[in-house]
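# Chain and residue survey
Chain by chain, the residues:
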Amino acid sequence: MVQIKNSEQLAKMRKAGRITGEAILVAREHIKVGVSTKEIDTAIRNYIEKCGAKPSFLGYGGFPGSACISINNEVIHGIPSAKRFLEEGDIVKIDVGAYIGGFHGDSANTFGVGKISEEAEKLIAVTRESFFRGVKMATGGKRIGDIGSAICGYAEDLGYGVVRKFVGHGIGRELHEDPEVPNFGTAGRGARLYPGMTIAIEPMINAGTRDVKILDDGWTVITADGSLAAHYEHTVAITDGEPILLTYVE
Ligand code: MG
Ligand code: MG
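Here is a short report on the structure shown in this document. Remember, predicted model here, so these are calculated numbers, not experimental data.

Conventions we followed
Residues numbered from 1 in each chain as written. Chains lettered and ligands numbered in written order. Predicted model: local features only at pLDDT ≥ 70, side-chain atom pairs only at ≥ 80, totals over all residues. Heavy atoms only, no water. Phe/Tyr/Trp six-rings, centres within 6.5 Å; stacked < 30°, edge-to-face > 60°. Buried < 20%, exposed > 50% of the residue type's maximum accessible area, 1.4 Å probe, protein only. Helix = DSSP H or I, 4+ residues; strand = E, 2+ residues; numbered from the N terminus. Lys NZ or Arg CZ within 6 Å of the ring centre and 35° of its normal. Salt bridge = Lys/Arg side-chain N within 4 Å of Asp/Glu carboxyl O. 1 Å grid on protein atoms, 1.4 Å probe; cavity = no way out; pocket = protein on both sides within 12 Å on 5 of 7 lines; lining within 4 Å. Points joined across faces, edges and corners; volume = space filled by probe spheres on them. Nonpolar A, V, L, I, M, F, W, Y, C, P; charged D, E, K, R; others polar.

Applying the stated criterion to the full structure yields four aromatic pairs. Ring centres of Phe-131 and Phe-132 lie 4.9 Å apart, and the angle between their planes is 85°; on these two criteria the pair is classed as edge-to-face. Residue classification places Phe-131 among the buried residues on the basis of a relative accessible area of 0%. Geometrically, the ring pair formed by Phe-132 and Tyr-232 is tilted, given 5.9 Å between the ring centres and 45° between the ring planes. With Phe-132 in helix H3 (residues 118–135) and Tyr-232 in the loop between strand E13 (229–231) and strand E14 (234–237), this pair connects stretches of sequence that are 100 residues apart. Overall, the relative accessible area of 26% leaves Phe-132 in the partly exposed class. Here the aromatic residues Phe-131, Phe-132 and Tyr-232 are joined through ring pairs into a cluster of three or more. For the cation-ring pair, Arg-164 lies above Phe-184, with the distance from its terminal atom to the ring centre recorded as 4.6 Å.

Attention now goes to the pattern of salt bridges. In total, this model carries six salt bridges according to the counting rule given. Across the pair Arg-18 and Glu-22 runs a salt bridge whose closest N-O atoms are separated by 3.7 Å. Taken together, the positions of Arg-18 and Glu-22, both in helix H1 (residues 7–30) and four residues apart, correspond to about one turn of that helix. According to the relative accessible area criterion, Arg-18 is partly exposed, its value standing at 42%. Classification of Glu-22 by relative accessible area gives buried; the value is 18%. Of the charged contacts in the structure, one is a salt bridge between Arg-84 and Glu-74, with a shortest N-O distance of 2.7 Å.

Below, the discussion takes up the layout of surface pockets. Roughly 370 Å³ of volume is contained in the largest pocket. Along the walls of the largest pocket sit 23 residues, with Tyr-60, His-77, His-169, His-176 and Glu-202 positioned nearest its centre. Contributions of two or more residues to the lining of the largest pocket are made by strand E7 (168–170) and strand E8 (177–181). With four residues, E8 is the single largest residue contributor to the lining of the largest pocket. When grouped by side-chain class, the residues that make up the lining of the largest pocket number eleven nonpolar, five polar and seven charged. In this structure, the second largest pocket is lined by 15 residues; those nearest its centre are Leu-25, Asn-109, Tyr-232, Tyr-248 and Val-249. Every element with two or more residues in the lining of the second largest pocket is listed here: H1 and strand E5 (103–112).

Looking now at unusual backbone geometry. In this model, Asp-178 is joined to Pro-179 through a cis peptide bond whose omega is 0°. In this structure, Pro-179 sits in strand E8. The phi angle at Asn-72 is positive, at roughly 55°, despite the residue not being glycine. In this structure, Asn-72 sits in the loop between strand E2 (67–71) and strand E3 (74–76). With a phi angle near 65°, His-77 is a residue other than glycine that sits in the positive phi range. Residue position: His-77 is located in the loop between E3 and strand E4 (91–100).

Quick look at the structure:
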């Protein structure tokens with residue numbers, strides 16, 4: 001069931017969202033050649049806990065990290081490791097959630113390590129732009145399909161693969177709530193958006209086909225064709241007008 005948040009609950013989500021967004025910035029500062037993904041995870045965890053919050057992902061479904069850290073052809077759900085080191089030219093996806101005051105935030109971004117290829121730069125830019133095309137549709141009275149269709153229409157026209165096996169979601173007291181927010185769909189179709197809904201919009205875009213598979217670790221999702229993937233996510237509050245990006249921090 002879709003949970004509509006009142007203004008008091010939205011204020012709590014703003015707080016969880018701000019800490020989540022700040023944790024992404026902390027991660028960005030730690031992204032350098034030679035750093036292990038575990039070190040980045042630890043920095044994220046320390047920051048979230050310093051804020052009095054809890055990392056939403058730690059222990060979620062048994063996940064061992066505070067953040068999902070996925071490199072290059074890894075799309076999402078990469079497990080932080082003390083043995084995995086960032087290399088020049090890598091692209092790194094950081095996906096983080098923070099829980100405080102009974103509510104969650106959820107946000108992801110993709111960063112380059114040192115100098116990255118033009119192909120990687122473009123993939124990251126297209127993924128980010130696809131999010132902003134989608135979020136423009138996230139207003140009261142529109143439908144879930146308006147968001148997905150805007151994201152998919154933009155990225156697929158440019159020849160990218162839009163992951164369909166994993167989707168965005170409602171968020172609030174639970175990290176994953178109704179409704180599902182696919183990055184594809186038909187304009188004018190799907191659940192209606194109401195002010196007070198809070199959703200995570202999170203395009204996962206592949207340089208190759210949209211197909212993915214899961215590694216034997218049971219978590220890491222990789223592109224089926226080995227191509228690069230990017231991810232961009234914010235927790236968004238629906239209003240009658242402009243949506244509020246709860247995890248957007250500058
Ligand atoms: Mg996320
Ligand atoms: Mg999410």
